[in-house]
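Reading the structure
These are the residues of each chain, in order.
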Amino acid sequence: MFCNVLSITHNATTLLFGVYISAAFLGILMNRRNILILLAFSACVGAVNAAVFALFGAAFTEKIYPLIIHIPLVLFLTLFYKYKAILCALSVLTAYLCCQISNWIGLLFLTITHLELVYYIARIATTITVFIVLIMFVSEATAQLMQKPTKTLLIFGMLPFIYYLFDYSAGVYTSLLYSGTEVIVEFLAFAICVFYIIFLLVYFKQYEEKQEAEQRNRLIKMQRTQSEKEIEAIKRSEYAISILRHDMRHFLLNISAYIDNNEIDKAKEYINEIISSTNQTATQKYCKNEIVNMILSSHENKIRENDIHFQHSIQLPQELPISDVNLTSILSNALENAILAVLPLEKERREIKLDLHMNDHKLLISIKNTFAQMPEIADGLPKSSTPGHGLGTQSIRYVTEKLNGNCQFMIKDQWFILRVII
């Protein structure tokens, strides 16, 4: 008699577990209204389940359980709460998968004690415990996961879907799971392995897309900053030119006066001053490629303000065999790392040498810089002792390898050297 009461309690807690966890995984708030609505739904389907059990027995009820509980739950969540059917199905399948925790714990205690009473108590206690843990710590994250694109959700839903089909086809509708057939027993491990491989592929692709988006955003930000700098430089240049134009008559009169007084040296010195002032109004162009000009120009002020001796040899065409995003990621990170490395040095020792050119349709990048502290190279990358640093070199290698290129970090004499071939 007591076992029958525990059996009914177990079935009720399992039903409530599935309904409420499915709703929580979707992000449905557990307020008073929703709790009562879900309770009313549970009572309705529970009554239908009890009626079928009374009329047709446990075996038949178990076989049509998806028609009595699972499908109505998916339809209810879809139609009443207006969630997409695929999301509702995924949440129900995931909740079903979570039910297997209490199932296994119950079987474990049954195997140990051989007492049906202990089996039901273990299952009820585990169901309640898992319910609390899922509601408090897992449901919010799962609800956020449900906002992912449909393609990603299909990957995540593959495992609970496969397990659901396997459980019913091999354990409910047939007894293949208990037949001892090796191919059946090993199927679930096979399915989990396939799912894991697909998950890794999807995750890696999303990681690559995230990296591309971050680099693209960084490029856009740099373009905007550089555009602001160029506009400001043009304004200053135009203002300086207007002043030179306005004062040109005075310049010519002064030069003429020096010549009339036979002060040729002063006239030459005065002319050189005018030429120097005029040159300062010109914006610097390093090569024909606009993105390289933009990257180098964005670092000009920092190099100049910190008295860094910057030597460059750049021979590049207008078009390069590498996207602007990837080039920005490599060159900007390399320059930033070089600038940071030379700043602790005395001003006379701050040196950076940049070489950019094409060779046999390959882009060759070489950056050399002095350093204050000897870098430690581990696994082919400079190792940084400062938290949060070292991401730039990792990004350089990541982009280079993605483009089937080669990058090399080395130390030679007093120089730290980066060489990239793409």
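See above for the structure.
First, a word on what this report is: a plain description of the structure on this page. (Residues numbered from 1 in each chain as written. Predicted model: local features only at pLDDT ≥ 70, side-chain atom pairs only at ≥ 80, totals over all residues. Heavy atoms only, no water.)

1. Details of the layout of surface pockets
As a reminder, the rule being used: In this analysis a 1.4 Å probe is tested at points of a 1 Å grid over the protein atoms alone, and where it fits but cannot get out there is a cavity; an open set with protein on both sides within 12 Å along at least five of seven lines is a pocket; lining residues have an atom within 4 Å of a point. Grid points are joined across faces, edges and corners, and a volume is the space filled by probe spheres set on the points. Secondary structure follows DSSP: runs of H or I at least 4 residues long count as helices, runs of E at least 2 residues long count as strands, and numbering of each begins at the N terminus. Residue type decides the class: Asp, Glu, Lys and Arg count as charged, Ala, Val, Leu, Ile, Met, Phe, Trp, Tyr, Cys and Pro as nonpolar, and the leftover types, Gly among them, as polar.
Approximately 1,600 Å³ is the volume found for the largest pocket. What lines the largest pocket is a set of 43 residues, among which H10, N11, T14, E62 and R123 lie closest to the centre. Contributing elements (two or more residues each) for the lining of the largest pocket: α1 (2–26), α2 (32–56), α3 (58–63), α4 (65–81), α5 (85–113), α6 (116–145) and α7 (150–172). Per element, the largest residue contribution to the lining of the largest pocket is eleven residues, and it comes from α1. Of the residues in the lining of the largest pocket, the class split is 26 nonpolar, 14 polar and three charged.

2. Topic: unusual backbone geometry
At D360, a residue that is not glycine, the phi angle is positive and equals roughly 55 degrees. Its identity as a non-glycine residue notwithstanding, N404 has a phi of 60 degrees, on the positive side. Topologically, N404 is positioned in the loop between α13 (391–402) and β6 (406–412).

3. Focus on the sheet that holds strand β3 (residues 362–369)
Worth spelling out the cut-off: When DSSP finds two or more bridges between two strands, those strands count as paired. Here the axes come from fitting lines to C-alpha atoms, over the contacting stretch only for helices, and the angles between their N-to-C directions go from 0 to 180 degrees. We call two residues in contact whenever any of their non-hydrogen atoms come within 4.5 Å of each other.
Taken together, the five strands give an open sheet; going across it, the order is β1-β2-β3-β7-β6, and neighbouring strands pair in mixed fashion. At either margin of the open sheet sits one strand with a lone partner, and together these are β1 (309–315) and β6. When the angles between neighbouring strand axes are averaged without regard to direction, this sheet yields 10 degrees. Pairing of β1 with strand β2 (residues 351–359), which is carried by seven bridges, proceeds in the parallel orientation. For F310, the partnering residue across the bridge sits in β2 and is I352. Against the sheet, helix α12 (residues 324–342) makes contact with β2, β3 and β7 (415–421), and its axis sits at roughly 10 degrees relative to β3, the strand it touches most. Of the strands in this sheet, β6 and β7 touch α13, which is tilted by about 140 degrees from β6.

4. Details of the pattern of salt bridges
When the charged atoms of two side chains lie near each other, side chains of opposite charge can form a pair. Selection criterion: Salt bridges are identified by distance alone: a Lys or Arg side-chain nitrogen within 4 Å of an Asp or Glu carboxyl oxygen. The cut-offs for exposure are 20% and 50% of the maximum accessible area for each residue type, with area from a 1.4 Å probe on protein chains only; residues under the lower value are buried, those over the upper are exposed, and the others partly exposed.
In total, this model carries three salt bridges according to the counting rule given. A salt bridge links R304 to E300; the shortest N-O distance between them is 3.6 Å. You can see R304 and its partner E300 sitting in helix α11 (residues 290–305), four residues apart, about one turn around the helix. Accessibility expressed as a relative area gives 18% for E300, which makes it buried. The partner of K347 in a salt bridge is D307, and the shortest N-O contact between them spans 3.3 Å. Here D307 lies in the loop between α11 and β1 and K347 lies in the loop between α12 and β2, a separation of 40 residues in the sequence. Overall, the relative accessible area of 39% leaves D307 in the partly exposed class.

5. So, the packing of aromatic side chains
Just so we agree on the cut-off: The criterion for an aromatic pair is that two Phe, Tyr or Trp rings (for Trp, the six-membered ring) have centres within 6.5 Å, with stacked assigned to planes under 30 degrees apart, edge-to-face to planes over 60 apart and tilted to the rest.
Applying the stated criterion across every chain yields a total of 13 aromatic pairs. For the pair F76 and Y81, a centre-to-centre distance of 5.9 Å together with 90 degrees between the ring planes defines the contact as edge-to-face. By the ring-pair criterion, three or more aromatic residues cluster together here, those being Y96, Y163, Y164, Y168 and Y173.

6. What about empty space enclosed by the protein?
Any empty space left between the atoms is revealed when a probe the size of a water molecule rolls over them. For the coordinates displayed, the defined rule picks out one cavity of 30 Å³ or more. Quantified by volume, the largest cavity comes out at close to 40 Å³. Of all the elements in the fold, those that place two or more residues in the lining of the largest cavity are α1, α5 and α6. At four residues, the largest contribution of residues to the lining of the largest cavity is made by α5. Among the residues making up the lining of the largest cavity, the classes are represented as five nonpolar, three polar and no charged.

7. Comments concerning the nonpolar core
We apply this condition: Nonpolar core, defined: a set of buried Ala, Val, Leu, Ile, Met, Phe, Trp, Tyr and Cys residues in which side-chain atoms within 4.5 Å join the residues together.
Grouped together as the largest cluster of nonpolar side chains are 40 residues, with contacts concentrated most on V292 and I367. For this core, the element with the most residues is α12, which contributes eight residues. Residues in contact with I367, not counting those within four places in the same chain, are L331, A334, L335, A338, I352, K353, L354, F416, I417 and L418.

8. Let's talk about a nonpolar patch on the surface
Rules: To count toward a patch, a residue needs a relative accessible area above 30% and no salt bridge. Like charges then connect within 9 Å, nonpolar side chains (Val, Leu, Ile, Met, Phe, Trp, Tyr) within 5 Å. Residue burial considers only the protein chains on display, and all accessible areas are found by Shrake-Rupley using a 1.4 Å probe.
A cluster of nonpolar residues, F2, V5, L115, L117 and I121, forms a patch on the protein surface that exposes about 430 Å² of accessible area. Mapped by element, the contributors of at least two residues to the nonpolar patch are α1 and α6. Within the secondary structure layout, L115 lies in the loop between α5 and α6.

9. Quick look at the environment of T142
Residue position: T142 is located in helix α6. Each C-alpha atom of the pair T142 and T94 lies 9.8 Å from the other, and the pair is 48 residues apart in sequence.

Any functional reading would require information that these geometric values do not contain.
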